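Architecture and fold: a report
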Amino acid sequence: MKHSARFLSLLLLVGAGFVASNCGSDDGGGTSQQQTQFTKLQADWTVSSVSGTSGGPDWNDEFEGGVLSLAKSQTFSENGEFTYTFSVPDGVVTSPWPAEGLWKFGSNAASNITRLDSKLNGGVGAFADVPMTYKLENGDKTLTLEFTIPEGTSYSIGGKTASVTGNWTFIFTRP
């Protein structure tokens, strides 16, 4: 009888340890990497610095005051598509950014997004999606976006169309 009680106590102790070791495990109810990054990116980002290989004006002067708004007033959805708007000062004639569109996370949500240019104008046109590498720094207050616009791509701005082919780096800040 004494042995049975000890065995039962040991069995209960092992069972309790097993249950306790499984408490707090992530069964998918936690925050995904996409959701974490979405929260960091969802903001109005002001242009701080621009460099591009496409010939043209001093890009910093050209885009001074520009604002990239990512997923404003949107709710996160895993593997979802989110909106952006890109507003530029009057007089900008060449921009690698359409005025608005969609984006989604790339293969690594911590560093890749894809601008869904294939969906511009309701999917009418020959625009290719634009993969982008991003980096958040300075307490997630500085966003660097690097991307390449494929050969032959041009966007209309203010009724004018200009080629924006090449490598681009935009650095944005937010308060």
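Now for a description of the structure that goes with this document.

**Details of the overall build of the protein**
Helix and strand counts for the protein stand at three helices and ten strands. Reading the protein from its N end, one meets helices and strands in the order α-α-β-α-β-β-β-β-β-β-β-β-β. For the protein, the proportion of its 175 residues judged to be buried stands at 34%. Here the analysis covers contacts within the protein between residues at least 6 apart in sequence; of these, 52% occur between residues at least 24 apart. Total accessible area on the protein stands at roughly 10,000 Å², and carbon and sulfur atoms take up 53% of it.

**Observations concerning the environment of Lys 135**
Relative to the elements of secondary structure, Lys 135 occurs in strand β6 (residues 130-137). Sequence-wise, Lys 135 and Glu 146 are eleven residues apart; in three dimensions their C-alpha atoms are separated by 8.9 Å. If sequence neighbours within four positions are ignored, Lys 135 has contacts with Thr 142, Leu 143 and Thr 144.

**A short note on the sheet that holds strand β3 (residues 82-87)**
Around the barrel, which closes on itself, the eight strands sit in the order β1-β2-β3-β4-β5-β6-β7-β10 with antiparallel pairing between neighbours. On average, adjacent strands in this sheet sit at an angle of 30° to one another, irrespective of strand direction. The sheet contact formed by strand β4 (residues 100-105) and strand β5 (residues 112-115) spans three bridges and is antiparallel. From the neighbouring strand, Lys 104 faces β5, where its bridge partner is Thr 114. Contacts from helix α2 (residues 33-41) reach β1 (43-52), β2 (67-70), β3, β4, β5, β6 and β7 (142-149) within the one sheet, and its direction differs from that of β4 by about 145°.

**Points about empty space enclosed by the protein**
Counted according to the given criterion, the structure contains one cavity of 30 Å³ or more. Together, Leu 68, Leu 70, Tyr 84, Trp 97, Trp 103, Ile 113, Arg 115, Met 132 and Leu 145 line the largest cavity. Among the elements of the structure, β2 and β5 are those that each provide at least two residues to the lining of the largest cavity.

**A word on the pattern of salt bridges**
Within this structure, the stated rule accounts for four salt bridges. Ionic pairing is found between Glu 81 and Lys 119, a salt bridge with its closest N-O pair at 2.7 Å. Of this pair, Glu 81 sits in the loop between β2 and β3 while Lys 119 sits in the loop between β5 and β6, placing them 38 residues apart in sequence.

**Concerning the side chain of Asp 117**
Inspection of the secondary structure puts Asp 117 in the loop between β5 and β6. There is a polar contact of 2.9 Å between the side chain of Asp 117 and the side chain of Arg 115.

**Structural notes on α2**
Within the sequence span of α2, burial applies to Gln 34, Gln 37, Phe 38 and Leu 41. In a view along the axis of α2, the buried residues occupy a sector of 110°, so they form one face of it.

**What about the packing of aromatic side chains?**
Considering all chains together, one arrives at 18 aromatic pairs under this definition. Residues Phe 63 and Phe 170 carry aromatic rings whose centres are separated by 5.3 Å and whose planes lie at 75° to one another, so their mutual orientation is edge-to-face. Taken as a pair, Phe 63 in helix α3 (residues 59-63) and Phe 170 in strand β10 (residues 166-173) lie far apart in primary sequence, 107 residues in all. There is no split in this pair, since Phe 63 and Phe 170 are both buried. Relative to Phe 170, the ring of Trp 97 lies with its centre 6.1 Å away and its plane at 90°, an arrangement referred to as edge-to-face. Within this pair, whereas Trp 97 is found in the loop between β3 and β4, its partner Phe 170 is found in strand β10, the two being separated by 73 residues in sequence. Note on Phe 170: relative accessible area 0%, which makes it buried. Joined through ring pairs, the aromatic side chains of Trp 59, Phe 63, Tyr 84, Phe 86, Trp 97, Phe 147, Trp 168, Phe 170 and Phe 172 make up one cluster. Over the ring of Trp 97 we find Arg 115; its NZ or CZ atom is 4.8 Å from the centre of that ring.

Thresholds, definitions, all that
Residues numbered from 1 in each chain as written. Predicted model: local features only at pLDDT ≥ 70, side-chain atom pairs only at ≥ 80, totals over all residues. Heavy atoms only, no water. Helix = DSSP H or I, 4+ residues; strand = E, 2+ residues; numbered from the N terminus. Buried < 20%, exposed > 50% of the residue type's maximum accessible area, 1.4 Å probe, protein only. Contact = heavy atoms within 4.5 Å. Areas by Shrake-Rupley, 256 points an atom, 1.4 Å probe, with all protein chains shown as cover. Pairing = 2+ DSSP bridges. Axes fitted to C-alpha atoms, helices over the stretch in contact; angles between N-to-C directions. 1 Å grid on protein atoms, 1.4 Å probe; cavity = no way out; pocket = protein on both sides within 12 Å on 5 of 7 lines; lining within 4 Å. Points joined across faces, edges and corners; volume = space filled by probe spheres on them. Salt bridge = Lys/Arg side-chain N within 4 Å of Asp/Glu carboxyl O. Polar contact = N/O pair within 3.5 Å; in protein donor to acceptor, adjacent residues only side chain to side chain. Arc of directions from axis to C-beta. Phe/Tyr/Trp six-rings, centres within 6.5 Å; stacked < 30°, edge-to-face > 60°. Lys NZ or Arg CZ within 6 Å of the ring centre and 35° of its normal.

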